[in-house]
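# Structure at a glance
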Amino acid sequence: MKKTIFKTFYFLSMTALVFNFSCSSSIEKKMNEEDVAIEWANMSLYITQYTPSNSPTFASRGFGYIGLTMYESIVNGYPSHKSLEGQLNGLKNLPKPDPLASYDWIISFNAAQASILKNIYVQTSDENKLRIDSLENVIYKQFSKSIDKKIVERSVNYGKAVASTIFEWSKTDGGHRGYLNNFDKKMVHPNRPGSWKPPLFAQSFSHHPLHPHWGENRTFDKKNRTLTLPKFIPYDTVPNSPYYQEFLQVYEKDLKLTKLEKEAAIWWGDDPDVTFTPPGHSFYIATLAIEQKRPPLIECAEVYAKTSIAVADAFIKCWEWKYHFFSERANTFIPKYIDEEWESFWPDPPFPAFPSGHAIQAAAAAAV
């Protein structure tokens, strides 16, 4: 009952946001170049939320390629900026613009975003694909009116070529169409004291944890593969032990949550079927910053690329570490050792606890 009430509250609170996302793109208003980036970011958030079989892991990967495509579809038009080709792990042979020809970079950006979004979320509904097409057409009509047709065609083709090359590269990272393999039923679970167990109070119940092999995926930045293992507090059920005290803090905090804290927890709750997921929240916060500062298009693209790539790699490393430790959650430890009638304010997600996915990806985005 509690979960149903909170999910209903969350759905109603998010509906206003999503309504703005889905409707703002359909209004043929006069847009500036930064509006183009914002509209496509909002569309990405909408498609992420309203595409079935999604997960925080898969969404983080999607935003990574969407943000990268934003940047690479226009970067060669800006001498102040440099392509990420050769800097990211295996990214090479990106299309190059003809140095003797003219391009319109807004049109290139627009075509690239429509292409990458439909490729990454190939499983989305036909209605959502029409939304993508509609936004692409609105922007195309506005920005191509007074431009030579050959420049327009060249710009569209270039944007699509960049998106296609990035998408083909994405297929080799280990997470392509990862929503088809959310749970590994053949996985043998560690069964040591303090190990993860399927939750009874859960966001989505499964006897198997989500994406146990996600940590093996290729990172965008090769250096991120070598990040060191975080420290873990040793398992202990003695009341004065550091391990026990961690869970006791959770228990005591849960009993005195304020209304504001509960609302914050609900906003970050991130049930895949009602939200745009944790990486979507970071993408959304980046959008708020862009809406406030309204920088040029290339800086918008740089912000989205850096934020989404950082978050995508944060999820890969987080999942690598989660399945290294395979640690239990509070809903397992607290009823057994502190209060057998306790039930957490928010239900458990279907994967091990440490380290926190929300914390790692939010810290990565905040650093950007």
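Conventions and cut-offs
- Residues numbered from 1 in each chain as written.
- Predicted model: local features only at pLDDT ≥ 70, side-chain atom pairs only at ≥ 80, totals over all residues.
- Heavy atoms only, no water.
- Helix = DSSP H or I, 4+ residues; strand = E, 2+ residues; numbered from the N terminus.
- Rg over C-alpha atoms; globule rule 2.2 N^0.38 Å.
- Phe/Tyr/Trp six-rings, centres within 6.5 Å; stacked < 30°, edge-to-face > 60°.
- Buried < 20%, exposed > 50% of the residue type's maximum accessible area, 1.4 Å probe, protein only.
- Lys NZ or Arg CZ within 6 Å of the ring centre and 35° of its normal.
- 1 Å grid on protein atoms, 1.4 Å probe; cavity = no way out; pocket = protein on both sides within 12 Å on 5 of 7 lines; lining within 4 Å.
- Points joined across faces, edges and corners; volume = space filled by probe spheres on them.
- Nonpolar A, V, L, I, M, F, W, Y, C, P; charged D, E, K, R; others polar.
- Expected span 1.5 Å × (residues − 1).
- Contact = heavy atoms within 4.5 Å.
- pLDDT = per-residue confidence, 0-100.
- Axes fitted to C-alpha atoms, helices over the stretch in contact; angles between N-to-C directions.
- Parallel < 35°, antiparallel > 145°, perpendicular 65-115°, else oblique.
- Lys, Arg positive; Asp, Glu negative; His and termini not counted.
- Salt bridge = Lys/Arg side-chain N within 4 Å of Asp/Glu carboxyl O.
- Polar contact = N/O pair within 3.5 Å; in protein donor to acceptor, adjacent residues only side chain to side chain.

## Topic: the overall build of the protein chain
Scanning the protein chain for helices and strands turns up twelve helices and zero strands. Shown N-terminal to C-terminal, the secondary structure of the protein chain runs as helices and strands in the order α-α-α-α-α-α-α-α-α-α-α-α. Against the globule reference of 21 Å for 368 residues, the protein chain gives a C-alpha radius of gyration of 22 Å, in line with a compact fold. Its C-alpha atoms give the protein chain principal-axis dimensions of about 75 × 40 × 35 Å.

## Focus on the packing of aromatic side chains
Going through the model one piece at a time under the given rule, you end up with 30 aromatic pairs. Arranged with centres 5.7 Å apart and planes meeting at 40°, the rings of Phe276 and Tyr284 form a pair that is tilted. The residues Phe276 and Tyr284 share a single accessibility class, namely buried. Considering the side-chain rings of Phe283 and Tyr304, the 4.8 Å spacing of their centres and the 35° angle between planes classify their relative orientation as tilted. With Phe283 in helix α9 (residues 277-293) and Tyr304 in helix α10 (residues 297-325), this pair connects stretches of sequence that are 21 residues apart. One exposure class covers both Phe283 and Tyr304, and it is buried. Cluster of aromatic residues (ring-pair linked, three or more members): Phe232, Tyr235, Tyr243, Tyr244, Phe247, Phe325, Phe333, Tyr337 and Phe354. Of note, Arg154 hangs over the ring of Tyr103, and the distance from its end group to the ring centre comes to 5.8 Å. When the ring centre of Trp319 is taken as reference, the NZ or CZ atom of Lys322 above it lies at 5.4 Å.

## Here we look at the layout of surface pockets
The space that makes up the largest pocket amounts to roughly 1,300 Å³. Of all the secondary-structure elements, those providing two or more residues to the lining of the largest pocket are α7 (242-255), α8 (259-267), α10, α11 (330-337) and α12 (357-367). By residue number, the principal contributor to the lining of the largest pocket is α7, which donates six residues. Here the residues of the lining of the largest pocket sort into 28 nonpolar, twelve polar and nine charged.

## As for helix α5 (residues 126-144)
Compared with the 27 Å implied by 1.5 Å per residue over 19 residues, the 26 Å span of α5 between its first and last C-alpha is a close match. Every buried residue of α5 is accounted for by Asn128, Ile132, Leu135, Glu136, Val138, Ile139, Gln142, Phe143 and Ser144. Where the residues of α5 are buried, they touch α2 (33-49), α4 (105-120) and α6 (149-170).

## Overview of the confidence of the model for the protein chain
On average, residues of the protein chain score 91 in pLDDT, and 91% of them reach the 70 mark or higher. Throughout residues 1-26 the model reports pLDDT below 50, and contacts reaching past four residues in sequence, or to other chains, amount to 49 contacts.

## A short note on the packing of α2 against α5
Two numbers describe how α2 lies on α5: the axes approach to 11 Å, and their chain directions differ by 175°. Overall, the two elements α2 and α5 adopt an arrangement that is roughly antiparallel. When α2 is examined against α5, the residues Val36, Glu39, Trp40, Met43, Tyr46 and Ile47 are found in contact with a partner set consisting of Asn128, Arg131, Ile132, Leu135, Glu136, Ile139 and Phe143. Residues that form the contact of α2 with α5 fall into these classes: nine nonpolar, one polar and three charged.

## Some remarks on the side chain of Asp348
Note that Asp348 resides in the loop between α11 and α12. Here Asp348 occupies a buried position and makes no salt bridge, while the nearest side chain of opposite charge, Arg329, is found at 5.0 Å. Among the polar contacts listed, one links the side chain of Asp348 to the side chain of Asn331, at a separation of 2.9 Å.

## Regarding the side chain of Glu328
Here Glu328 is to be found in the loop between α10 and α11. No salt bridge is formed by the buried Glu328, whose closest oppositely charged neighbour, Lys197, lies at an N-O distance of 6.9 Å. Engagement of the side chain of Glu328 in a polar contact is seen with the side chain of Tyr243, the distance being 2.7 Å. Aside from chain neighbours lying at most four places away, what touches Glu328 is Gly194, Ser195, Trp196, Tyr235, Tyr243, Phe247, Phe333 and Ala353.

## With respect to the pattern of salt bridges
Counting across every chain of the model gives eleven salt bridges. A salt bridge links Lys96 to Glu85, with the shortest nitrogen-to-oxygen separation between them at 2.8 Å. Of this pair, Lys96 sits in the loop between α3 (56-72) and α4 while Glu85 sits in the loop between α3 and α4; the two residues are eleven residues apart in sequence, bridging distant segments of the chain. On the accessibility criterion, Lys96 (51% relative accessible area) is exposed. The shortest N-O distance in the salt bridge between Glu127 and Arg131 comes to 3.9 Å. Here the residue Glu127 and the residue Arg131 both occupy positions in helix α5, the gap between them amounting to four residues, near one helical turn.

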